[in-house]
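In case you want the letters, here they are:
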Amino acid sequence: MYAGFPERITAARKSLNKPLTLTEKILYAHLWQGQPTSAYERGKSYVDFAPDRVAMQDATAQMALLQFMQAGRDKVAVPSTVHCDHLIMAKDNAATDLQRAINESNEVFNFLSSVSNKYGIGFWRPGAGIIHQVVLENYAFPGGMMIGTDSHTVNAGGLGMVAIGVGGADACDVMAGLPWELKFPKLIGVKLNGKLSGWTAPKDVILKVAGILTVKGGTGCIVEYFGEGAEAMSCTGKGTICNMGAEIGATTSTFGYDESMSRYLKATGRADVAAMADAIKEHLTADAEVYANPEKYFDQLIEINLSELEPHLNGPFTPDLATPVSKMKEAALANNWPTRIEYGLIGSCTNSSYEDISRAVSIAKQVKEKGLKLKSEFTINPGSEQVRYTVERDGYLDTFSQIGATIFANACGPCIGMWDRVGAERQERNTIVHSFNRNFAKRADGNPNTLAFVASPELVTAFAIAGDLTFNPLTDTLINDKGEKVKLDEPSGYELPPKGFDVKDPGYQAPAADGSQVKVIVDPKSNRLQLLDPFAAWEGIDLKGLKLLIKAKGKCTTDHISMAGPWLKFRGHLDNISNNLLIGAVNFFNDKTDNVKNQLTGEYGTVPKTQRAYKAANVGTIVVGDENYGEGSSREHAAMEPRHLGVRAVLVKSFARIHETNLKKQGILGLTFANKEDYDKIQEDDTIDINGLISFSPGVPLQIALHHSDGSSEVILANHSYNEQQIEWFKAGGALNIIRREFA
Ligand code: SF4
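These numbers were taken from a predicted model, which means no experiment stands behind them.

Novice: Help me get a handle on helix α21 (residues 607-616), residues and values and all.
Specialist: The complete set of buried residues in α21 reads V607, P608, T610, Q611 and Y614. One side of α21 holds all its buried residues, which, seen down the axis, span an arc of 165 degrees. Those residues of α21 that are exposed and angled more than 90 degrees off the buried face are K609 and A616. Tucked inside the fold, the buried residues of α21 contact β22 (543-553), β24 (596-597), β25 (604-605), β26 (621-625), α22 (637-645) and β27 (647-652).

Below, the structure is given as structure tokens:
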């Protein structure tokens, strides 16, 4: 696990000739073989890394693994796991909801189970738990590097990892044994002074940080937490803070190795990992000089005094609108937020540790003790079967049930909109409070008028009892069934279960030792899953006679190229999801979305239908775009769909870098106008040639010949950023074709 790790860090320190932050140590220890140990420019240099692990959730794993199957390997190159957590709709209760999900999505689960079994991937069945909680309990380790196909992969920073959310194409590359590229991050240091106490919880640290940095403040940065307050905090509390670092746009967040991590590793059956980490602990935290003078080593420094930190509620509609609980009454009245709380929801991967549940239950049990009643509906989503089993054994679930709470499945549920909330379709304005991380409009129940506020589980429990957003449990009283005024005692709990963790069936399926005879299960008639065929190689000649599919105007994000929402259920079926190709892009020539001219017939139609007509006629096409084409989520479908339907090139004023790379990986030519004004020369009826491909080489522009419908022609230049290797991707018809060739 740590072979060569201290040596690599020592070499980096010597070569850079300066003390190192924890983040730098982990990054330098994971440089891809051959990548030099030199000083990389923060926020500028692109560097190749070798992650230790890959984790995938069920929704995003489908396309990642369908692509991986194309790589020709018989096993994944690094330890990898799949977790079935996103496809379970919360409605009635854990057992009923789980069975319904299995009935509805069985073909997806069967595919994921069989493909995992075949290729050496650990598979966590539906009901086993939420990806990040399961990873923290089983796989995360101090000083490690992990990528995962989910933005909250960052949760593993709680155990001292650099863990980063990526798209399926990146996961596929790493599983296939390729390097993973990351822009060397800027570093934000957060020094935690003092100590948490009373009603204040780790959640309040990240709610406060979100208020300071806003949803964009962490972009391109890794946040490193340190200080006495960090050391005094539980490991799972650190996980909560790192988890919600995704809400400030941070690449990831992390903490140095300490006693709390050692305790957590031992409690979760990994005393061997704790012993290995202990042996090299000076390499698993920053050098002493860094934390003594942090302003010299971080690009930005924030200090928070935990002893003075108040519990917060963040929202509605954005996780960075931070309001201390003492100011909520004022804020709610000033903004006319509905003050009656309809629902309190706790759990999710963010806040479902034993400590979270035990602190929440210390509030819940006061309902009976003090003669109170729950005023709001109250639900719990345990993060893993291990936590669920243990809190059930310790009587906590019973306490929740006795006060009328509903226990949902160990899955994402309401945190990702998988919540069949009664009456949500009426779209009434209402308030909910939850311990999840995201609270954008429609995120929990699909109702754009639900105002969701984020808080710690113990605070959410208090609010569910009070049913009132203006309630401050630190100072206010409630009226009990005898008409008396009673005050809630402050929460208390256990960092780890005093009787240890326990679980009967964790829901894990180990892969076959030899998967060669295992058959991957995909029904050829399925409309949700489709095995991929390799894309055709370049034919070896210039691309002549391409038709313009669309000249996209203005913003064209990966959402415009491949819409989400209802389309997500087809993310494992390339042909079906391709019916959303570019339906959100605005056609420059008529200002309409999903309405383009078919040059073969002169008729206007939807983009996918028009492109399918070109494909049927064996006519290649080109997409033209504006600035920063392909910004937004890194989803690979935005590059795979045009490739599948026969688009040969995308020519734009500028690209979002990840999308440009995704296009290259899929074998589509990604080009930029050498002269941005040439965008104006593209006409609706143009036929286009791309010349110069036979001598395609790095740094040499290609020539684009535009043949207009009036018979005139002109030639413009297109730049590209292909290196030698990427040119090989293009020639082979895609990066996976090369990997497959190598393994064959
Ligand atoms: S619980 Fe929420 S944040 Fe966590 S993985 Fe599921 S959807 Fe994402």
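Novice: Let's hear about the site of the ligand: which residues, and what values?
Specialist: Residues in close proximity to the ligand include H86, I130, H132, D150, H152, S348, C349, C412, C415, I416, N437 and R443, which together make up its full environment. Each residue belonging to the shell around the ligand can be placed in one class, and the counts come to five nonpolar, five polar and two charged.

Novice: Give a detailed account of the sheet that holds strand β6 (residues 162-165), specifying residues and quantitative values.
Specialist: Here we have six strands laid out as an open sheet, ordered β6-β5-β2-β3-β4-β21, and mixed in their pairing. Lying at the two open borders of the sheet, with one neighbouring strand each, are β6 and β21 (508-509). Bridge analysis of strand β4 (residues 122-124) against β21 gives two bridges, and the strand direction is antiparallel. Looking across to β21, one finds that W124 is bridged to Y508.

Novice: I'd like a description of the pattern of salt bridges, backed by residues and values.
Specialist: Applying the stated criterion across every chain yields a total of 34 salt bridges. E24 serves as the salt-bridge partner of K18, at 2.8 Å between the closest nitrogen and oxygen. You can call E24 buried: its relative accessible area is 4%. When salt bridges with common partners are traced through the structure, they connect K18, E24, R42 and D299 into a single cluster.

Novice: Please set out the layout of surface pockets residue by residue, giving values where relevant.
Specialist: Counted as a void, the second largest pocket has a volume near 510 Å³. The wall of the second largest pocket is formed by 24 residues, among which A536, K615, R643, H644 and G646 lie closest to the centre. Breaking the lining of the second largest pocket down by element, the ones donating at least two residues are α21 and α22. Among the elements that line the lining of the second largest pocket, the one with the most residues is α22, at three residues. The residue makeup of the lining of the second largest pocket, split by class, is twelve nonpolar, seven polar and five charged.

Thresholds applied
- Residues numbered from 1 in each chain as written.
- Predicted model: local features only at pLDDT ≥ 70, side-chain atom pairs only at ≥ 80, totals over all residues.
- Heavy atoms only, no water.
- Buried < 20%, exposed > 50% of the residue type's maximum accessible area, 1.4 Å probe, protein only.
- Helix = DSSP H or I, 4+ residues; strand = E, 2+ residues; numbered from the N terminus.
- Arc of directions from axis to C-beta.
- Contact = heavy atoms within 4.5 Å.
- Near = heavy atom within 4 Å.
- Nonpolar A, V, L, I, M, F, W, Y, C, P; charged D, E, K, R; others polar.
- Pairing = 2+ DSSP bridges.
- Salt bridge = Lys/Arg side-chain N within 4 Å of Asp/Glu carboxyl O.
- 1 Å grid on protein atoms, 1.4 Å probe; cavity = no way out; pocket = protein on both sides within 12 Å on 5 of 7 lines; lining within 4 Å.
- Points joined across faces, edges and corners; volume = space filled by probe spheres on them.

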